[in-house]
Amino acid sequence: ALEEASRMYFGEQNVEGMLSALAPLHSIMESQGAETMQEIAFVQQYGHELSEAHEWCNRYRQSGRENHISQAWDLYYHVFKRIN
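Attention in this report is confined to the structure presented alongside it. (Residues numbered from 1 in each chain as written. Predicted model: local features only at pLDDT ≥ 70, side-chain atom pairs only at ≥ 80, totals over all residues. Heavy atoms only, no water.)

**So, the overall build of the protein chain**
Scanning the protein chain from terminus to terminus reveals four helices and zero strands. Along the protein chain, helices and strands appear, N-terminal first, in the series α-α-α-α. In summary, the protein chain has a C-alpha radius of gyration of 13 Å against a globular reference of 12 Å for 84 residues, a match within 12%. In terms of its C-alpha atoms, the protein chain occupies a principal-axis envelope of roughly 35 × 25 × 15 Å. Burial statistics for the protein chain: of 84 residues in total, 33% are counted as buried. Taking the intrachain contacts of the protein chain between residues at least 6 apart in sequence as the baseline, contacts between residues at least 24 apart amount to 51%. Counting 6 positive and 12 negative side-chain charges, the protein chain places the averaged centre of each group 5 Å from the other. (Helix = DSSP H or I, 4+ residues; strand = E, 2+ residues; numbered from the N terminus. Rg over C-alpha atoms; globule rule 2.2 N^0.38 Å. Buried < 20%, exposed > 50% of the residue type's maximum accessible area, 1.4 Å probe, protein only. Contact = heavy atoms within 4.5 Å. Lys, Arg positive; Asp, Glu negative; His and termini not counted. Charge placed at Lys NZ, Arg CZ, Asp CG, Glu CD.)

Encoded structure:
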């Protein structure tokens, strides 16, 4: 999801596409929660940063302020680099 969202945002300057690409990730983390040991480990390691990034995206939706997306991407990028 992060790689696709990055392509949408940085490659195509498509903020709505980026938000759509990230929606399933955030939905799963919020509604279903972690079920397997791998999911639990993922949420423990990255959940806080991803949740905070999602909050910045929601702030962007309300305000339209580009700096809110920048704040989100600081967090998404940090998570992405740690995963890879």
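Here the narrative resumes, following the displayed structure.
**Here we look at the packing of helix H1 (residues 2–11) against helix H4 (residues 66–83)**
Put simply, H1 and H4 touch, their axes get as near as 11 Å, and they point 145 degrees apart. Remark: the crossing between H1 and H4 carries left-handed chirality. Here Leu-2, Glu-3, Ala-5, Ser-6, Tyr-9 and Phe-10 of H1 come into contact with H4, specifically with Glu-66, Ile-69, Trp-73, Tyr-76, Val-79 and Phe-80. Along the lines of polarity and charge, the residues of the contact of H1 with H4 split into nine nonpolar, one polar and two charged. (Axes fitted to C-alpha atoms, helices over the stretch in contact; angles between N-to-C directions. Left-handed = near helix turned anticlockwise from the far one by under 90°. Nonpolar A, V, L, I, M, F, W, Y, C, P; charged D, E, K, R; others polar.)

That's the geometry; what it means functionally is another story.
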